[in-house]
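Close look at the chain arrangement
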Amino acid sequence: MDQKNDPKSFGSRNVGMLTLEPSSCDTPNSHARHPRSMARKKVRLPKQESQQISDQTSWMLAVRDARDRQAFGRLFDYYAPRLKGFVMRTGVPAAQAEDIVQEVMISVWHKAAQFDPHRAQVSSWIYQIARNRQIDVLRKENRPMPEELMQDEVQTEDASQIIALEQEADTLRQALNTLKPGQRDMVEKAYLGELSHSEIQEQTGLPLGTIKSRIRLGLEKLRHELKDIRQS
Amino acid sequence: MTSITHHISPPLLAAYAAGTLPEPYALVVASHISMCDDCRAALGAHEAAGGAVMESSAAQAVSDDLKARVFDGLDIAPVAGPVYQKSGVFPAPVMEALKGKPPKWKSLGFGVRQSVISRSAAGSVRLLYIPGGQAVPEHSHNGLELTLVLQGAFADEDGRFGVGDLEIADDDVQHTPMAEVGDACICLAATGAPLRFASWMPRLFQPLFRI
């Protein structure tokens with residue numbers, strides 16, 4: 001990894017909670033790649049690997065690629081109650097929380113083309129949509145968003161990269177569960193949107209570094225594909 | 001874009017992911033991420049943490065008709081707003097804030113220009129144009145100041161800031177940035193409270209060439 005991009009260089013002045021730790025399994029070649037050309041409508045992963053991809057990701061891919069309403073129903077059954085619970089934790093009453101859940105789930109359907117399992121888990125992707133919606137509803141503001149990376153018609157799925165990202169997310173969840181109650185409370189408050197940036201200071205040691213590396217690989221893959229498409 | 005060396009700090013990125021960052025700062029952060037894959041990946045990591053918190057929230061049963069209401073909404077195409085893209089040195093979030101129009105520059109003297117994008121109680125965000133070799137005007141501000149370089153470069157006590165670099169300055173930081181000789185330096189700068197023009201306008205008439 002380019003030393004200039006080492007996560008250690010992030011915000012030397014302000015490093016506190018949620019530090020991005022550099023990872024030991026950080027090299028781009030630490031996992032096998034299985035490049036394959038596949039039309040977007042026909043995402044078929046080898047059987048062995050598809051068994052390891054989470055149900056949630058498989059449902060989301062079916063929604064994205066086949067506009068599969070049954071898979072969307074499963075996503076709804078899984079995420080809607082959790083999302084409602086999450087939104088209610090921020091102090092939003094049940095009825096208004098359901099309005100937000102409704103709008104977020106409809107956005108999941110309409111924005112499905114933007115979902116890239118090499119860069120995000122379904123839960124992270126939905127989290128991001130939900131926070132935007134809440135900012136819009138509660139503060140009447142639009143959160144400025146980074147430029148979307150263009151995805152083209154053809155997209156190849158790299159099951160090993162998807163699985164590796166899911167494993168990193170599992171590790172992160174476990175780390176969250178093993179935090180001391182006070183620390184965990186701070187982390188949850190931060191992501192629930194209850195702390196200002198200056199309040200987000202306490203060290204928690206969340207292992208965000210490895211997951212960041214995985215997402216970086218997903219970005220590199222996307223850039224690489226876009227280059228191939230432009231050159232072909 | 002491996003030349004970017006000054007990135008968004010983890011607390012700022014976490015606050016952006018959670019949506020608690022005031023809009024002027026969020027615009028600078030979104031602009032930096034548009035230019036920096038490292039911070040885009042780091043944002044993804046924070047979103048994964050947010051997703052984990054969401055997913056581990058105690059599930060609340062939803063109303064019987066919610067699923068039907070959601071399915072009813074699937075066939076109604078959302079009203080798509082315009083999608084803005086990077087234009088010249090201005091990243092997409094800046095173009096969106098400018099509603100796709102070129103910035104309206106106002107002269108501040110000595111070739112220095114500014115274009116205020118927004119100004120509110122939450123703070124202000126502006127574009128600054130500093131001719132090469134000239135000092136960035138001194139100004140007072142309350143709280144955090146974020147400055148993102150879009151063209152050229154400037155240097156101060158904290159180092160050199162080139163295209164894509166983000167300077168994070170607390171209100172106690174004394175810095176006297178100088179635009180590098182060569183191309184004019186164009187920056188996107190956000191502050192926590194409106195800049196106090198009265199105090200810094202006269203300073204423009206003081207010698208600007210000091211380090």
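About the thresholds
Residues numbered from 1 in each chain as written. Chains lettered and ligands numbered in written order. Predicted model: local features only at pLDDT ≥ 70, side-chain atom pairs only at ≥ 80, totals over all residues. Heavy atoms only, no water. Phe/Tyr/Trp six-rings, centres within 6.5 Å; stacked < 30°, edge-to-face > 60°. Helix = DSSP H or I, 4+ residues; strand = E, 2+ residues; numbered from the N terminus. Buried < 20%, exposed > 50% of the residue type's maximum accessible area, 1.4 Å probe, protein only. Pairing = 2+ DSSP bridges. Axes fitted to C-alpha atoms, helices over the stretch in contact; angles between N-to-C directions. Contact = heavy atoms within 4.5 Å. Salt bridge = Lys/Arg side-chain N within 4 Å of Asp/Glu carboxyl O. Polar contact = N/O pair within 3.5 Å; in protein donor to acceptor, adjacent residues only side chain to side chain. Arc of directions from axis to C-beta. Lys, Arg positive; Asp, Glu negative; His and termini not counted.

Turning next to the packing of aromatic side chains. Going through the model one piece at a time under the given rule, you end up with 8 aromatic pairs over all chains. When the ring of Phe72(A) is compared with that of Phe71(B), the centres are 5.5 Å apart and the planes differ by 75 degrees; the resulting orientation is edge-to-face. Separated into two different chains, Phe72(A) in helix H3 (residues 69-89) and Phe71(B) in helix H4 (residues 66-73) make up a pair that spans both. In this structure Phe72(A) comes out as buried when scored by relative accessible area, which is 0%. Its relative accessible area of 21% is what places Phe71(B) among the partly exposed residues. Ring geometry for Tyr78(A) and Tyr79(A): centres 4.7 Å apart, planes at 85 degrees, overall edge-to-face. For the pair Tyr78(A) and Tyr79(A), one class covers both residues: buried. Grouped by ring-pair contacts, the aromatic residues Phe72(A), Trp109(A) and Phe71(B) constitute a single cluster.

Each strand in a sheet pairs with its neighbour through backbone hydrogen bonds, running either in the same direction (parallel) or in the opposite one (antiparallel). Spatially, E6-E5-E8 (chain B) is the arrangement adopted by the 3 strands of the open sheet, whose pairing is antiparallel. The sheet is open, and its two borders are formed by strand E6 (159-161) and strand E8 (178-179) of chain B, each paired with just one other strand.

Residues and elements named next belong to chain B. Across the sheet, 6 strands lie side by side as E1-E2-E3-E9-E4-E7; this open sheet has antiparallel pairing. For this open sheet the edge positions go to strand E1 (106-109) and strand E7 (166-169), each flanked by a neighbour on one side alone. This sheet shows a mean twist of 25 degrees between the axes of neighbouring strands, independent of strand direction. Inspection of the sheet shows strand E2 (residues 112-120) paired to strand E3 (residues 123-130) by 7 bridges, in the antiparallel sense. In the strand pairing of E3, Ser115 is matched with Leu127.

Bringing the interface of chain B and chain A into the picture now. Listed per partner, the contact involves 72 residues of chain B and 76 residues of chain A. Joining chain B to chain A, the criterion identifies 7 salt bridges. With a closest N to O distance of 3.4 Å, Arg216(A) and Asp38(B) form a salt bridge. At the boundary of chain B with chain A, the tally comes to 24 residue pairs in polar contact (both at pLDDT 80 or more). Residue assignment for the side of chain B that touches chain A shows that the elements contributing at least two residues are helix H1 (10-18), helix H2 (23-35), helix H3 (37-55), H4, helix H5 (92-97) and E7 of chain B. A total of 19 residues in the side of chain B that touches chain A trace back to one element, the largest contributor, which is H3(B).

Our next topic: H4(B). For H4(B), the set of buried residues is Leu66(B), Val70(B) and Gly73(B). The arc enclosing the buried residues of H4(B), seen along the axis, measures out at 60 degrees, which places them on a common side. For H4(B), the secondary structure elements touched by its buried residues are H3 and helix H4 (94-110) of chain A.

On to the pattern of salt bridges, then. Any two side chains of opposite charge can pair, so long as their charged atoms come close to each other. In this structure the tally under the stated criterion is 19 salt bridges over all chains. Here Arg173(A) makes a salt bridge to Glu55(B), at a shortest N to O gap of 3.4 Å. Note that Arg173(A) is positioned in helix H6 (residues 159-177) and Glu55(B) in helix H3, a pairing that runs across two chains. Judged by its relative accessible area of 21%, Arg173(A) falls in the partly exposed class. Glu55(B) sits in the buried class, given a relative accessible area of 14%. Across the pair Arg160(B) and Glu180(B) runs a salt bridge, and its minimum N-O distance is 2.6 Å. Of the two residues, Arg160(B) sits in strand E6 while Glu180(B) sits in the loop between E8 and strand E9 (185-191), which places them 20 residues apart along the sequence. On the basis of relative accessible area, Glu180(B) is assigned to the partly exposed category, the value being 31%.

With that settled, consider the pairing of E1(B). All names here are of chain B. As judged from the 3 bridges shared by E1 and E2, these two strands associate in the antiparallel manner. When the sheet's bridge partners are listed, Ser107 is paired in E2 with Arg113. Counting the residues between successive antiparallel strands, the hairpin from E1 to E2 contains 2 residues, one of them, Phe110, with a positive phi of roughly 55 degrees.

Topologically, Arg40(B) is positioned in helix H3. Although Arg40(B) lies buried, it forms no salt bridge, and the closest oppositely charged side chain, Asp37(B), sits 4.3 Å away as judged by the N-O distance. With sequence-adjacent residues up to four places away left out, Arg40(B) is seen in contact with Arg119(A), Pro146(A), Glu147(A), Leu149(A), Leu219(A), Ile33(B) and Ser34(B).

Function cannot be read off these values alone, since they describe shape.
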